[in-house]
Amino acid sequence: MHIVKIKGGKTLSGEIVVSGAKNSIVGLMPAAVLCDEDVNIYNVPHLSDVDNLIDILEYLNVGVESKEDYMKIIPTNLCNKPIHSEFSKKLRASYYFMGALLGKYGHVEISFPGGCVIGARPIDLHLKGFKALGATITENGDTMIIDADELIGTNIYLDFASVGATINLMLAAVKAKGKTVIENAAKEPEIVNIATFLNSMGANISGAGTNKIKIEGVEYLSSCFHEVIPDRIEAGTFIIMGAALGDHLKVSNLIPEHVYSLTEKLREMGVPLEIGPDYVIVSKPEKYNPVDVQTLVYPGFVTDHQQLIASLMVLANGTSSIEETIYENRFQNLYELSKMGARIKVEGKKAYIYGPTKLTGTTVMATDLRAGAGLVIAGLMATGETEIQNADYILRGYENIVEKLSNIGAELELI
Ligand code: EPZ
């Protein structure tokens, strides 16, 4: 496992560019197998999650040709084989192959682990939707075999506006017979990015980005060109770093609307922000106001941002709070933060952070991707040196993170 070592206290200035969205590309690559011809995707980020998905595609005899941020996927000779856990345990998003392979071939066999550290992360809503479309599901151990002689469009109501279930059911419905309506659908921007990709192949999807998505089944999907949207979670990470240590730090290549709930919360904290059409310029303020955050489905405050703003809250004059309503256990990073001197109390779904506190560098552990990112922010803020273990988590979601942060004045290394 890699380690990140950070010497804290450096001012961050200049420009940092946001890459393509992890949570979009991990859906786009499995979705590509639905196509009856080759597909071309631009602005692909270089992440370990992408590498793991390339392994699965190549295992399925799908061609993948990458050059810088361009990726060509050739699904025409796909061989539909069981996807075993040595592949799928590397990233949960491998479950998008369920919707894609079921949608194209009426059959998929995949095994994958249960939850991860932030929660149980069941897939009951995905499976309920597949059954509604006419599929039968046989489980043995952690292997799922999903079959459908024919997928018939139908109305599916999601008990929870699950991002993964919305995307997976969209994939399964694209070639189903007739019309499918997904009610109480998730509205995250990545869903729109994937729907646009499918429509550019010739699918017939409307309403992506709203809580009601309609999909008219089609027979054939043709070649297309598509671009991954900027990563709003990476963008939020860099904006928060600027809020902590920035001197007119410019965070470029982002969509302001996608980080609106964060920038509004930072404004409430007293952070000066200049918001342009595709960038944010941010500096650290003299002082920070304490704030209360409640995570919600999009466009509410993003759960992936709460672990990041938690590090900033230690600077606020007073008590800030976070209520995590999406996951049942997404406060692991706070225990690590308290090793650096943060004063925190966790009570069930709520965490209280008391400030202002000066963090001191020490050895901490990344427990998941965004927890690791939150600890990078804390390490940049702390006096002295911080060593983050299990840093491979961070590499899953942040392209060239050491190079990008060094270019804006941070002093860190990856070992
Ligand atoms: C996506 O996960 C993201 N991952 C997560 O980002 C993000 O935190 C999450 O959406 C919420 O925004 C990817 O896009 C690859 P959900 P997903 O289905 O699709 C429960 C990151 O850091 N649920 O909306 O798994 C589930 O347990 C990652 O990039 C069910 O109960 O999220 C969770 O509590 C972390 N049954 C809640 O819904 C289901 O069938 C949200 O899950 C599905 C989900």
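Look a little higher up for the structure.
Now for a look at the structure at hand. (Residues numbered from 1 in each chain as written. Predicted model: local features only at pLDDT ≥ 70, side-chain atom pairs only at ≥ 80, totals over all residues. Heavy atoms only, no water.)

As for helix α12 (residues 369-381)
Logical step 1: Under the 1.5 Å per step criterion, the end-to-end length of α12 is 19 Å for 13 residues, consistent within 8% with the ideal 18 Å.
Logical step 2: Among the 13 residues that make up α12, 13 are buried, leaving the element largely enclosed by the rest of the structure.
Logical step 3: Residue Asp368 occupies the N-cap position of α12, its side-chain oxygen lying 3.4 Å from the main-chain nitrogen of Arg370. (Helix = DSSP H or I, 4+ residues; strand = E, 2+ residues; numbered from the N terminus. Expected span 1.5 Å × (residues − 1). Buried < 20%, exposed > 50% of the residue type's maximum accessible area, 1.4 Å probe, protein only. Polar contact = N/O pair within 3.5 Å; in protein donor to acceptor, adjacent residues only side chain to side chain.)

Focus on the side chain of Ser321
Logical step 1: Mapped onto the elements of the fold, Ser321 is located in strand β18 (residues 318-323).
Logical step 2: Side chain to side chain, Ser321 and Asp292 meet in a polar contact 2.7 Å long.
Logical step 3: Among residues more than four places away in sequence, those in contact with Ser321 are Val291, Asp292, Val293, Met313, Lys350, Ala351 and Tyr352. (Contact = heavy atoms within 4.5 Å.)

Overview of the packing of helix α1 (residues 22-31) against helix α7 (residues 189-201)
When two helices pack together, their arrangement is given by the angle between the helix axes and by the axis-to-axis distance.
Logical step 1: The contact between α1 and α7 brings their axes to 9 Å, and the two run at 30°. Taken together, the axes of α1 and α7 are roughly parallel relative to one another. In terms of crossing hand, the pair formed by α1 and α7 is right-handed. From α1, Asn23, Ser24, Gly27, Leu28 and Ala31 reach across to α7, where they touch Glu190, Asn193, Ile194, Phe197, Leu198 and Met201.
Logical step 2: Among the residues forming the contact of α1 with α7, the class breakdown is 6 nonpolar, 4 polar and 1 charged. (Axes fitted to C-alpha atoms, helices over the stretch in contact; angles between N-to-C directions. Parallel < 35°, antiparallel > 145°, perpendicular 65-115°, else oblique. Left-handed = near helix turned anticlockwise from the far one by under 90°. Nonpolar A, V, L, I, M, F, W, Y, C, P; charged D, E, K, R; others polar.)

What about the pattern of salt bridges?
Logical step 1: Taken as a whole, this structure holds 17 salt bridges when the rule is applied.
Logical step 2: With a closest N to O distance of 3.7 Å, Glu385 and Lys7 form a salt bridge. Taken as a pair, Glu385 in strand β22 (residues 385-389) and Lys7 in strand β1 (residues 4-7) lie far apart in primary sequence, 378 residues in all.
Logical step 3: Across the pair Lys339 and Glu336 runs a salt bridge whose closest N-O atoms are separated by 2.9 Å. Separated by 3 residues within a single helix, Lys339 and Glu336 lie in helix α11 (residues 332-339), roughly one turn from each other.
Logical step 4: Within the structure, one salt-bridge network assembled from shared partners comprises Lys7, Lys10, Glu385 and Glu411. (Salt bridge = Lys/Arg side-chain N within 4 Å of Asp/Glu carboxyl O.)

Brief notes about the sheet that holds strand β19 (residues 343-347)
Logical step 1: Sheet architecture is open: 4 strands sit in the order β17-β18-β20-β19, paired in mixed fashion. Sheet topology places β17 (292-294) and β19 at the edges, where each strand pairs with a single neighbour. Recorded for the sheet is a direction-independent mean angle of 15° between the axes of neighbouring strands.
Logical step 2: Bridging between β18 and strand β20 (residues 350-355) involves 6 bridges; their strand directions are antiparallel. Each residue of the ladder has a partner; that of Ser321, found in β20, is Tyr352. (Pairing = 2+ DSSP bridges.)

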